[in-house]
Amino acid sequence: MPFICSHHRKHILKCTKTANTHWNNWTSQGMQLLNDQRPDEAVSFFGCSLDVATWLVDQPKVYQLNQLNEYFEKLSLSSFLLAECCSRINQPEFELHFLLQLHHRLLEGQPRQVSLAWPLSGYIRQSLERLEDYVERYGIFKGYETCLQDTRDRLQALNLNVQQQAC
């Protein structure tokens, strides 16, 4: 579900510098709205920042570790903030949608470098914590047990990659 219209998308997502500038602006505006207790208005800003973060992570270029780590951080933050807005406006089904979207994206993420396995596993753990918070508030959702098992398997695989690199 894209938030940025196709017309603006081609202008905003033409280079990482422009995309990062927009991500920073939209996230700041969304945070201000969230702080002002206006989560319904913040949704569009965090949604646009999520579109940008997704684009940044999906770029085919091989980034330095710190850049890709920054992009996964932006992806996670945008998703968490958007889910938080959905929670505050009493839309738990959309909250779960954005939490699961991020979680599956992180589980499918292939570190382009083995050294990215450690930060990626940290983002997966954060995402799992948010899903567990959701379950605590609303109860177990369909597919939760499978999600937990997939998460354990992925974290174990990432941990093995890190250990093999250390040897």
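Residues numbered from 1 in each chain as written. Predicted model: local features only at pLDDT ≥ 70, side-chain atom pairs only at ≥ 80, totals over all residues. Heavy atoms only, no water.

1. Side note on the packing of aromatic side chains
Rules: Each Phe, Tyr or Trp ring (for Trp, its six-membered ring) is paired with any other whose centre lies within 6.5 Å, and the angle between the two planes then decides the class: stacked below 30 degrees, edge-to-face above 60, tilted in between. Every helix listed is a DSSP run of H or I at least four residues long, and every strand listed is a run of E at least two residues long, numbered separately from the N terminus. Accessibility here uses a 1.4 Å probe with only protein chains present; expressed as a share of the type maximum, an area under 20% marks a residue as buried, one over 50% as exposed, and anything in between as partly exposed.
All chains considered together, the criterion is met by 5 aromatic pairs. Taken together, a centroid distance of 6.4 Å and an interplanar angle of 25° make the contact between phenylalanine 72 and tyrosine 123 stacked. On the criterion of sequence distance, the pair formed by phenylalanine 72 in helix α4 (residues 65-88) and tyrosine 123 in helix α6 (residues 117-138) is long-range, its members being 51 residues apart. Accessibility classification places phenylalanine 72 together with tyrosine 123 in one group, the buried group. Taken together, Tyr134, Tyr138, Phe141 and Tyr144 form an aromatic cluster joined through their ring pairs.

2. Comments concerning a negative patch on the surface
Just so we agree on the cut-off: For patch building, the residue pool is restricted to those with more than 30% relative accessible area and no salt bridge; the joining distance is 9 Å between like charges and 5 Å between nonpolar side chains (Val, Leu, Ile, Met, Phe, Trp, Tyr). Accessible surface area values rest on a Shrake-Rupley calculation with a 1.4 Å probe, where residue burial reflects the displayed protein chains alone. Criterion for a salt bridge: a side-chain nitrogen of Lys or Arg within 4 Å of a carboxyl oxygen of Asp or Glu. Neither His nor the chain termini are counted; the positive set is Lys and Arg, and the negative set is Asp and Glu. Charge positions are represented by NZ for Lys, CZ for Arg, CG for Asp and CD for Glu.
Judged by side-chain charge, Glu129, Glu132, Asp133 and Glu136 come together as a negatively charged surface patch. Tracing the chain through its elements places glutamate 136 in helix α6. Among the residues examined, glutamate 136 registers a relative accessible area of 71% and is labelled exposed.

3. Description of unusual backbone geometry
Phi at glutamine 37 is positive, roughly 60°, even though this residue is not glycine. Its location among the elements puts glutamine 37 in the loop between α2 (16-35) and α3 (39-58). Positive phi, close to 60°, is recorded for asparagine 90, a residue that is not glycine. Relative to the elements of secondary structure, asparagine 90 occurs in the loop between α4 and α5 (92-108). By relative accessible area, asparagine 90 is classed as exposed at 58%.

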